[in-house]
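# Structure assessment
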2 protein chains.
Amino acid sequence: MAKVKVVVNGVGAIGKRVAHAVKLQDDMKLVGISDVAPTSVLRTNLEPEGFLYKTDLYCSVPELKGNLESSGFYVKGTLPDLLASGQVDVVVDCSPAGIDEKNKLLYRQHNVKAIFQGGAKDSLAQASFNSLVNFDESVGRQFVRVVSCNTTSLSRTFYAAEKAFGIKKAFVSLVRRAVDPWNPSKGPINAIKPAMSVPSHHGPDLKTIMHGLDVVTMAVVVPTTLAHVHIVSIETKNHASKKALENAFEKTSRVNVLDAKDGFSSTAEIMEKYRDLGRPRSDMPEVAVWRETVAAEKNHIYWMHAVHSESIVVPENIDAIRAVTGIESNNLKSIKKTDKALGIK
Amino acid sequence: MAKVKVVVNGVGAIGKRVAHAVKLQDDMKLVGISDVAPTSVLRTNLEPEGFLYKTDLYCSVPELKGNLESSGFYVKGTLPDLLASGQVDVVVDCSPAGIDEKNKLLYRQHNVKAIFQGGAKDSLAQASFNSLVNFDESVGRQFVRVVSCNTTSLSRTFYAAEKAFGIKKAFVSLVRRAVDPWNPSKGPINAIKPAMSVPSHHGPDLKTIMHGLDVVTMAVVVPTTLAHVHIVSIETKNHASKKALENAFEKTSRVNVLDAKDGFSSTAEIMEKYRDLGRPRSDMPEVAVWRETVAAEKNHIYWMHAVHSESIVVPENIDAIRAVTGIESNNLKSIKKTDKALGIK
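Residues numbered from 1 in each chain as written. Chains lettered and ligands numbered in written order. Predicted model: local features only at pLDDT ≥ 70, side-chain atom pairs only at ≥ 80, totals over all residues. Heavy atoms only, no water.

## Considering the nonpolar core
Of all hydrophobic cores here, the largest spans 70 residues; its most connected members are B:Ile33, B:Phe158, B:Ile234, B:Phe249, B:Trp303 and B:Ile321. The residues touching B:Ile321, leaving out its near neighbours within four places in the chain, are B:Val4, B:Val6, B:Val22, B:Met28, B:Val90, B:Val92 and B:Ile115. In this structure, A:Val11, A:Leu30, A:Cys94 and A:Ile167 belong to the second largest nonpolar core, which totals 69 residues. (Core = buried A, V, L, I, M, F, W, Y, C linked by side-chain atoms within 4.5 Å. Buried < 20%, exposed > 50% of the residue type's maximum accessible area, 1.4 Å probe, protein only. Contact = heavy atoms within 4.5 Å.)

The following block contains the structure:
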């Protein structure tokens, strides 16, 4: 079977990772990456030691091509021309929120499929996507949206909890890292900043994946960059136990259970583990649940997990490419294939 | 009526504040403060511009008196001698956890009443204390314990919620500041650190105040020093509304409702408000609820509040002195008197 031809449009925190992940799949071909600005990220990734060395670079907006070229980049062509040439099956759109809407017009014009990211409006896509929960809803679609890092982590863990005991009602407190580690934006450096709406946007987003779920989320931002932490409280339909919930997490793909007693007492040691494992960019696409925080009493379960916001959606993007193109319509097979290629446990 | 004679034993973050607050009451007399170590805090507070200038200093442990004296402090005597002299009615024990147990033997020997702090074991005291919820349980007792900053904030706000709608079941996520602002201890500076037990100790502590309450708490520590934030989810017995919950908070003493739209978007701006109000040490003994986070749907309510851990228990200690000595047995009268003396809204 011919490989699926993919372009990643927007080489930022997510785009650079998805492009690299596409390169590692044997059923996909990274036709190119596309961007508009001569950023340090673009430059580094295209260097001989970079993860995207020798990848063809296109300019998303024809008028800005000269801008990239005068900064020393070799630009093979423009994205509209590339799409018009019929050489692309799927665009993974990792452009900033707001741009994606304009881009969609371009993708529609050239009749290519597109996968948007969590920052995009729900209405932009025909389906929101999570590999475990609702892969099928995206099979064969033209426009799909991979939900955000927070929603992806909740989709995976709630999938485990739903299968184990059934979810009657859920409440989640999200303790969010302020910015990505590379981001020099001024976050709160000595304050806790609540999201001033109840629910925060995460709950409604999760419902685009788990339809009919009864969930309320509330979120605060705190001065750290490594990972988010979610504090979960769920009333279950059936009688629950700590052991059964641990087992449910342990057999769920892309969910790891880590022990504080083994030294994983915070997000810091957890992220260090993935540095020591030699993962690309020290990423942790898995959700990390702390075993000591898993608890159950009758029809109620609790846990905390950590979310590496930069990388958790990368494997879901790969699976979404398979879903929209139909090259694999079984979600578990796609997950297994992706995880093997990316070295995910 | 003769003034109640009070000694504060242990001049740290809480002790220095309680001693100052005692000085401001017209029905109490600060006989002295007592400590063992020549700390910078002790020195500053006894300076001419300090809040405890001219307060008599005693040494809690007779053998350590020379240690204080050789560091330049004038020590009037030892705490055991002072207690033996019959000049003290109540000791507010603000000594470090672990020491309080040994101190209790001393207080018993000299038949003085003592008020311990939240770090002390529940079993040390005959009653746990909150001014609003269970003042009566401490009236006339010898040994009472004022619960911690977190528990005090939950007692006040849950009191409002209980009165308004009845509490069926509660879940609280505590997002804790790592250390006091003055504390050079190394907290997490770029990590989120969960408490590895469910419930965290706060839930059981709250039940020593609100008996029979169905509550589970989970806590994380984050890299900030200003204040804690609690994220609360409560299933109510009766139908709830946002407006009624706001009203309940607004008419509850020592609970302030602040608006993000007025610029209070995080703990940072909230604490700045109390600096600008000229409060002693820029303290905020009130719980601050963010109006935008107050929400209700049928039998469920939600909110977030900020807790200034250094000062929130100070007014409760003053009320506890009145309770154990019986000079005021009506909690609302005591609260009103304390708040007026301390300038609390």
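## Topic: the pairing of strand E5 (residues 90-93) of chain A
Residues and elements named next belong to chain A. Neither face of E5 is exposed, since Val90 and Val92 on one face and Val91 and Asp93 on the opposite face are all buried. In this structure, strand E1 (residues 4-9) lies alongside E5, joined through four bridges in parallel fashion. Looking at E5, one finds that Val6 is bridged to Val90. Inspection of the sheet shows E5 paired to strand E6 (residues 113-116) by three bridges, in the parallel sense. Paired with Val90 across the two strands is Lys113, which belongs to E6. For the crossover from E5 across helix H5 (residues 99-109) to E6, the handedness is right-handed. (Helix = DSSP H or I, 4+ residues; strand = E, 2+ residues; numbered from the N terminus. Pairing = 2+ DSSP bridges. Right-handed = clockwise from strand over helix to strand, strands pointing away.)

## What about the environment of B:Gly343?
All names here are of chain B. Looking at where Gly343 falls in the secondary structure, it is placed in the segment after helix H11 (331-342). For Gly343, a relative accessible area of 43% puts it in the partly exposed group. Residues Gly343 and Ala288 lie 55 residues apart in sequence; the distance between their C-alpha atoms is 16 Å.

## Digging into the interface of chain B and chain A
Listed by partner, the interface residues are 44 residues for chain B and 44 residues for chain A. In total, about 3300 Å² of surface goes out of reach between chain B and chain A, with carbon and sulfur atoms giving 72% of it. Counting the surface chain B buries against chain A, the share from its top three residues, B:Asn190, B:Ile192 and B:Met196, is 20%. Linking chain B to chain A there are two salt bridges. A salt bridge links B:Lys169 to A:Glu297, with the nearest nitrogen and oxygen atoms 3.5 Å apart. The interface formed by chain B and chain A includes eleven residue pairs in polar contact (both at pLDDT 80 or more). Elements represented by at least two residues in the side of chain B that touches chain A include exactly strand E9 (167-177), strand E10 (193-194), strand E11 (215-222), strand E12 (228-236), helix H9 (267-276), strand E15 (295-297) and strand E16 (300-307) of chain B. (Buried area = accessible area lost by both parts, 1.4 Å probe. Salt bridge = Lys/Arg side-chain N within 4 Å of Asp/Glu carboxyl O. Polar contact = N/O pair within 3.5 Å; in protein donor to acceptor, adjacent residues only side chain to side chain.)

## A short note on the sheet that holds E5(A)
By way of backbone hydrogen bonds, the strands of a sheet pair with one another, either parallel or antiparallel. All names here are of chain A. Across the sheet, which stays open at both edges, the eight strands sit in the order E4-E3-E2-E1-E5-E6-E8-E7 with parallel pairing between neighbours. A strand with exactly one partner marks an edge of an open sheet, and here the two such strands are strand E4 (77-78) and strand E7 (127-129). As judged from the three bridges shared by E6 and strand E8 (residues 143-146), these two strands associate in the parallel manner. Across the sheet, Ala114 pairs through a bridge with Phe143, a residue of E8. Contacts from helix H1 (residues 13-23) reach E1, strand E2 (28-35) and E5, with the element oriented near 160° to E2. (Axes fitted to C-alpha atoms, helices over the stretch in contact; angles between N-to-C directions.)

## Some remarks on H11(B)
Residues and elements named next belong to chain B. In this model H11 runs 16 Å from its N-terminal to its C-terminal C-alpha over twelve residues, within 8% of the 16 Å that 1.5 Å per residue would give. Where H11 is concerned, the buried positions are Asn331, Ser334, Ile335, Thr338, Asp339 and Leu342. The buried residues of H11 occupy an angular sector of 125° when the element is viewed end-on, so they sit on one face. Opposite the buried face of H11, by more than 90 degrees, sit the exposed residues Leu332, Lys333, Lys336 and Lys340. (Expected span 1.5 Å × (residues − 1). Arc of directions from axis to C-beta.)

## Some details on the domain arrangement of chain A
Residue and element names in this part refer to chain A. Domain annotation for chain A reports domain 1 (4-147 + 313-342) and domain 2 (150-307). For domain 1 and domain 2, the distance between their C-alpha centroids amounts to 26 Å. Listed per partner, the contact involves 24 residues of domain 1 and 19 residues of domain 2. In this structure, Asp283 and Arg17 form a salt bridge, with 2.6 Å as the shortest nitrogen-oxygen distance. Remark: the boundary between domain 1 and domain 2 carries eleven residue pairs in polar contact (both at pLDDT 80 or more). When residues of the side of domain 1 that touches domain 2 are traced back to their parent elements, those giving at least two are H1, E7, helix H6 (131-134), helix H11 (314-325) and helix H12 (331-342). (Domains from an automatic or database assignment.)

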